[in-house]
Amino acid sequence: ADTAKKTVNTLYTEARKKAGDAFILGRNVSEGLASIKNALNEDGLTVRTAKEVHSLLDDVGRDLLATSRAVGKEPNISIANIYGIRQELSAMSQQQGAAGTAAGKAKRAIDKFIEDALTQDLIKGDKNVVELWRKAIASRRDFGARFGADDFVGKLVARKPGGGAELKLDPVGAVNLIFGQS
(Lines give C-alpha, C1' and ligand atoms only; values in the text may rest on other atoms or scores of the structure.)
Protein backbone atom coordinates (compact mmCIF):
# COMPACT_ATOMS: atom_id res chain seq x y z
CA ALA A 1 0.00 0.00 0.00
CA ASP A 2 2.79 2.42 0.84
CA THR A 3 4.51 1.76 -2.50
CA ALA A 4 1.25 2.11 -4.41
CA LYS A 5 0.45 5.36 -2.56
CA LYS A 6 3.88 6.78 -3.49
CA THR A 7 3.22 5.93 -7.13
CA VAL A 8 -0.17 7.68 -6.98
CA ASN A 9 1.38 10.77 -5.37
CA THR A 10 4.21 10.87 -7.92
CA LEU A 11 1.79 10.69 -10.83
CA TYR A 12 -0.40 13.47 -9.40
CA THR A 13 2.67 15.64 -8.73
CA GLU A 14 3.83 15.21 -12.33
CA ALA A 15 0.37 16.05 -13.66
CA ARG A 16 0.01 19.13 -11.42
CA LYS A 17 3.35 20.51 -12.63
CA LYS A 18 1.78 20.82 -16.07
CA ALA A 19 -1.33 22.46 -14.56
CA GLY A 20 -2.60 24.64 -17.41
CA ASP A 21 -1.86 22.16 -20.16
CA ALA A 22 -4.97 20.02 -19.48
CA PHE A 23 -8.32 21.69 -19.06
CA ILE A 24 -12.09 21.45 -19.29
CA LEU A 25 -14.25 24.14 -20.88
CA GLY A 26 -15.87 26.43 -18.35
CA ARG A 27 -19.35 25.55 -19.67
CA ASN A 28 -18.82 21.91 -18.73
CA VAL A 29 -17.51 22.85 -15.29
CA SER A 30 -20.46 25.22 -14.71
CA GLU A 31 -22.90 22.44 -15.64
CA GLY A 32 -21.07 20.03 -13.32
CA LEU A 33 -21.20 22.49 -10.42
CA ALA A 34 -24.91 23.11 -10.96
CA SER A 35 -25.55 19.38 -11.01
CA ILE A 36 -23.60 18.91 -7.76
CA LYS A 37 -25.52 21.73 -6.04
CA ASN A 38 -28.86 20.32 -7.21
CA ALA A 39 -27.96 16.86 -5.89
CA LEU A 40 -27.00 18.34 -2.51
CA ASN A 41 -30.27 20.27 -2.35
CA GLU A 42 -32.26 17.12 -3.20
CA ASP A 43 -30.54 15.36 -0.29
CA GLY A 44 -31.55 18.17 2.08
CA LEU A 45 -28.02 19.56 2.21
CA THR A 46 -29.07 23.10 1.36
CA VAL A 47 -27.42 26.48 1.76
CA ARG A 48 -28.96 26.63 5.22
CA THR A 49 -27.56 23.28 6.40
CA ALA A 50 -24.25 23.18 4.47
CA LYS A 51 -23.36 26.81 3.87
CA GLU A 52 -19.58 26.37 3.52
CA VAL A 53 -19.90 23.79 0.76
CA HIS A 54 -22.45 25.82 -1.19
CA SER A 55 -20.31 28.94 -0.75
CA LEU A 56 -17.27 27.19 -2.20
CA LEU A 57 -19.24 25.94 -5.20
CA ASP A 58 -20.82 29.39 -5.67
CA ASP A 59 -17.39 31.06 -5.52
CA VAL A 60 -16.09 28.80 -8.27
CA GLY A 61 -19.15 29.60 -10.39
CA ARG A 62 -18.70 33.34 -9.84
CA ASP A 63 -15.01 33.10 -10.74
CA LEU A 64 -15.96 31.38 -14.00
CA LEU A 65 -18.46 34.09 -14.82
CA ALA A 66 -16.02 36.88 -13.91
CA THR A 67 -13.31 35.32 -16.07
CA SER A 68 -15.74 34.98 -18.98
CA ARG A 69 -16.66 38.66 -18.73
CA ALA A 70 -13.07 39.84 -18.33
CA VAL A 71 -11.69 37.78 -21.20
CA GLY A 72 -14.76 38.08 -23.38
CA LYS A 73 -14.93 34.35 -24.06
CA GLU A 74 -15.51 31.08 -22.30
CA PRO A 75 -12.61 30.22 -19.98
CA ASN A 76 -10.82 26.93 -19.71
CA ILE A 77 -10.48 25.48 -16.21
CA SER A 78 -7.33 23.48 -15.56
CA ILE A 79 -7.69 20.02 -14.09
CA ALA A 80 -5.27 21.12 -11.37
CA ASN A 81 -7.73 23.88 -10.34
CA ILE A 82 -10.58 21.39 -10.22
CA TYR A 83 -8.45 19.16 -7.99
CA GLY A 84 -7.77 22.18 -5.78
CA ILE A 85 -11.53 22.48 -5.25
CA ARG A 86 -11.65 18.75 -4.56
CA GLN A 87 -8.92 19.14 -1.91
CA GLU A 88 -10.90 21.87 -0.16
CA LEU A 89 -13.99 19.67 -0.17
CA SER A 90 -11.94 16.76 1.15
CA ALA A 91 -10.75 18.88 4.08
CA MET A 92 -14.32 20.07 4.74
CA SER A 93 -15.57 16.49 4.70
CA GLN A 94 -13.76 15.90 8.00
CA GLN A 95 -16.24 18.20 9.76
CA GLN A 96 -19.12 16.81 11.76
CA GLY A 97 -22.73 17.16 10.69
CA ALA A 98 -24.37 18.30 7.49
CA ALA A 99 -21.39 20.35 6.28
CA GLY A 100 -19.08 17.33 6.43
CA THR A 101 -21.66 15.10 4.76
CA ALA A 102 -22.27 17.67 2.01
CA ALA A 103 -18.54 18.13 1.41
CA GLY A 104 -18.03 14.36 1.14
CA LYS A 105 -20.90 14.05 -1.35
CA ALA A 106 -19.63 17.01 -3.37
CA LYS A 107 -16.10 15.55 -3.41
CA ARG A 108 -17.40 12.21 -4.71
CA ALA A 109 -19.48 14.09 -7.29
CA ILE A 110 -16.38 15.95 -8.50
CA ASP A 111 -14.57 12.62 -8.76
CA LYS A 112 -17.42 11.31 -10.91
CA PHE A 113 -17.43 14.53 -12.96
CA ILE A 114 -13.72 14.16 -13.71
CA GLU A 115 -14.14 10.46 -14.49
CA ASP A 116 -17.00 11.30 -16.88
CA ALA A 117 -14.93 14.11 -18.44
CA LEU A 118 -12.17 11.60 -19.18
CA THR A 119 -14.62 9.05 -20.57
CA GLN A 120 -16.43 11.62 -22.73
CA ASP A 121 -13.14 13.17 -23.91
CA LEU A 122 -14.00 16.59 -22.43
CA ILE A 123 -10.47 17.12 -21.14
CA LYS A 124 -8.51 19.02 -23.76
CA GLY A 125 -5.01 20.37 -24.07
CA ASP A 126 -1.63 18.76 -24.46
CA LYS A 127 -2.21 15.07 -25.14
CA ASN A 128 0.77 14.05 -23.00
CA VAL A 129 -0.51 16.04 -20.02
CA VAL A 130 -4.04 14.67 -20.46
CA GLU A 131 -2.50 11.20 -20.45
CA LEU A 132 -0.60 12.04 -17.23
CA TRP A 133 -3.92 12.92 -15.59
CA ARG A 134 -5.49 9.72 -16.92
CA LYS A 135 -2.67 7.66 -15.40
CA ALA A 136 -2.82 9.51 -12.08
CA ILE A 137 -6.59 9.10 -11.79
CA ALA A 138 -6.44 5.43 -12.83
CA SER A 139 -3.68 4.71 -10.32
CA ARG A 140 -5.69 6.35 -7.52
CA ARG A 141 -8.79 4.39 -8.49
CA ASP A 142 -6.73 1.16 -8.47
CA PHE A 143 -5.22 2.08 -5.10
CA GLY A 144 -8.69 2.71 -3.65
CA ALA A 145 -10.02 -0.57 -5.01
CA ARG A 146 -7.12 -2.53 -3.54
CA PHE A 147 -6.53 -0.80 -0.26
CA GLY A 148 -9.51 1.42 0.47
CA ALA A 149 -12.20 -1.21 0.42
CA ASP A 150 -13.14 -3.21 3.47
CA ASP A 151 -11.68 -6.39 2.04
CA PHE A 152 -9.22 -8.90 3.46
CA VAL A 153 -6.43 -6.34 3.54
CA GLY A 154 -8.60 -3.93 5.54
CA LYS A 155 -9.66 -6.69 7.91
CA LEU A 156 -6.13 -8.00 8.36
CA VAL A 157 -4.02 -4.84 8.49
CA ALA A 158 -4.22 -1.72 10.64
CA ARG A 159 -2.54 1.43 9.30
CA LYS A 160 -0.20 3.16 11.75
CA PRO A 161 -0.24 6.94 12.10
CA GLY A 162 2.68 8.33 10.13
CA GLY A 163 2.89 5.33 7.80
CA GLY A 164 3.40 1.62 7.99
CA ALA A 165 1.01 -1.08 9.07
CA GLU A 166 0.63 -4.01 11.42
CA LEU A 167 -1.50 -7.14 11.48
CA LYS A 168 -4.75 -6.80 13.38
CA LEU A 169 -4.98 -10.54 13.95
CA ASP A 170 -2.54 -13.16 15.09
CA PRO A 171 -1.29 -15.45 12.27
CA VAL A 172 -3.82 -18.21 13.07
CA GLY A 173 -6.69 -15.70 13.05
CA ALA A 174 -5.47 -14.30 9.73
CA VAL A 175 -5.34 -17.77 8.14
CA ASN A 176 -8.82 -18.54 9.48
CA LEU A 177 -10.15 -15.29 8.04
CA ILE A 178 -8.66 -15.95 4.61
CA PHE A 179 -9.37 -19.68 4.29
CA GLY A 180 -12.26 -20.13 6.72
CA GLN A 181 -12.07 -21.84 10.08
CA SER A 182 -12.80 -25.27 8.72
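As a reminder, the structure under discussion sits directly above these lines.
Residues numbered from 1 in each chain as written. Predicted model: local features only at pLDDT ≥ 70, side-chain atom pairs only at ≥ 80, totals over all residues. Heavy atoms only, no water.

## Examining unusual backbone geometry
Located in the positive-phi region is Asp121, a residue other than glycine, with phi close to 60°. Given a relative accessible area of 44%, Asp121 falls into the partly exposed group. (Buried < 20%, exposed > 50% of the residue type's maximum accessible area, 1.4 Å probe, protein only.)

## Looking at the nonpolar core
One finds Val53, Ile82, Leu89 and Trp133 to be the most contacted residues of the largest nonpolar core, which totals 41 residues. Mapped by element, the contributors of at least two residues to this core are helix H1 (2-17), strand S1 (22-25), helix H2 (26-42), helix H3 (51-71), helix H4 (79-92), helix H5 (97-119) and helix H6 (127-148). Per-element accounting of this core gives the leading share, eight residues, to H5. The contact partners of Trp133, leaving out residues within four places of it in the chain, are Tyr12, Ala15, Arg16, Ala22, Ile79, Ala80 and Tyr83. (Core = buried A, V, L, I, M, F, W, Y, C linked by side-chain atoms within 4.5 Å. Helix = DSSP H or I, 4+ residues; strand = E, 2+ residues; numbered from the N terminus. Contact = heavy atoms within 4.5 Å.)

## Section: the sheet that holds strand S2 (residues 76-78)
Spatially, three strands are ordered S2-S1-S3 in an open sheet, and the strand pairing comes out antiparallel. Each edge of the open sheet carries a strand with a single partner, namely S2 and strand S3 (124-125). Sitting on the sheet, H2 touches S1 and S2, and the angle it makes with S1 is about 70°. (Pairing = 2+ DSSP bridges. Axes fitted to C-alpha atoms, helices over the stretch in contact; angles between N-to-C directions.)

## Re a nonpolar patch on the surface
On the surface, Val175, Ile178 and Phe179 cluster together into a nonpolar patch covering about 320 Å² of accessible area. One can find Phe179 in helix H8 (residues 171-179). (Patch = residues over 30% accessible without salt bridge, like charges linked within 9 Å, V, L, I, M, F, W, Y side chains within 5 Å. Areas by Shrake-Rupley, 256 points an atom, 1.4 Å probe, with all protein chains shown as cover. Salt bridge = Lys/Arg side-chain N within 4 Å of Asp/Glu carboxyl O.)

## Some words on the pattern of salt bridges
One pass over the structure, following the stated rule, counts nine salt bridges. Ionic pairing is found between Asp116 and Lys112, a salt bridge with its closest N-O pair at 3.0 Å. Taken together, the positions of Asp116 and Lys112, both in helix H5 and four residues apart, correspond to about one turn of that helix. Among the residues examined, Lys112 registers a relative accessible area of 52% and is labelled exposed. Across the pair Asp121 and Lys124 runs a salt bridge whose closest N-O atoms are separated by 4.0 Å. Overall, Lys124 belongs to the partly exposed group, its relative accessible area being 39%. Three or more residues are tied together by salt bridges with common partners; here these are Asp121, Lys124, Glu131 and Arg134.

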